[in-house]
Amino acid sequence: IKAEADKIPVEPLPTKKQKVATAELDEFWSFAPQLKGEPAMDMVCLGCTQKTHLGISEWSPYNASCKKLCDELFTRYDIRRYNTDGWKSYSKMLPPSRHRISKKGTQRIERQNLNFRTHIKRLNRRTICFSTSEIMHDAVIKL
């Protein structure tokens, strides 16, 4: 799994920011025993018009994950509108004039995260299948 995930290239920073009309951001929680019961969070950003992944922040606690993803988005893209749910970290990190909180604006990404939880057992909320290392967790999410 790790070898296959390492084959996926990391995109270099663009010389010019790509314009994106609307992006959806959402988080999903997971668990690993090495964190001693503390949940960790993965965050995903999906471009609405292109229906492509704009970024992912893997396995960080709460606000750190949001900051990591937002920094990547601000560097790579010029996004006109961010659609999120009501999680407080988004309000801290995103520009208020471009931030919209609504369930209607996050339907695609919420559905995608549901598919992740359905098909990747280690992301289920109540299961005996879980990642024992951060490296394996990140590799599975990347794939």
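Structure: above.
Residues numbered from 1 in each chain as written. Predicted model: local features only at pLDDT ≥ 70, side-chain atom pairs only at ≥ 80, totals over all residues. Heavy atoms only, no water.

(A) Inspection of the pairing of strand β4 (residues 77-84) at higher detail. The pairing of β4 with strand β5 (residues 99-101) spans three bridges and is classified as parallel. Looking at the pairing, N83 lines up with R100 of β5. Once the chain exits β4 it traverses helix α3 (residues 88-93) before rejoining the sheet at β5, and the crossover so formed is right-handed. (Pairing = 2+ DSSP bridges. Helix = DSSP H or I, 4+ residues; strand = E, 2+ residues; numbered from the N terminus. Right-handed = clockwise from strand over helix to strand, strands pointing away.)

(B) Representation of the nonpolar core in the model. In terms of nonpolar packing, the biggest core is built from 16 residues, with L25, C45, L54, L73, I79 and Y90 touching the most fellow members. Here this core takes four residues from helix α2 (residues 62-76), the largest share from any one element. Apart from residues lying up to four places away in sequence, C45 is in contact with A23, E24, L25, T52, H53, L54, G55, L69, L73 and I109. Counting eight residues, the second-largest nonpolar core is a separate cluster that includes I109, I120, L123 and V140. (Core = buried A, V, L, I, M, F, W, Y, C linked by side-chain atoms within 4.5 Å. Buried < 20%, exposed > 50% of the residue type's maximum accessible area, 1.4 Å probe, protein only. Contact = heavy atoms within 4.5 Å.)

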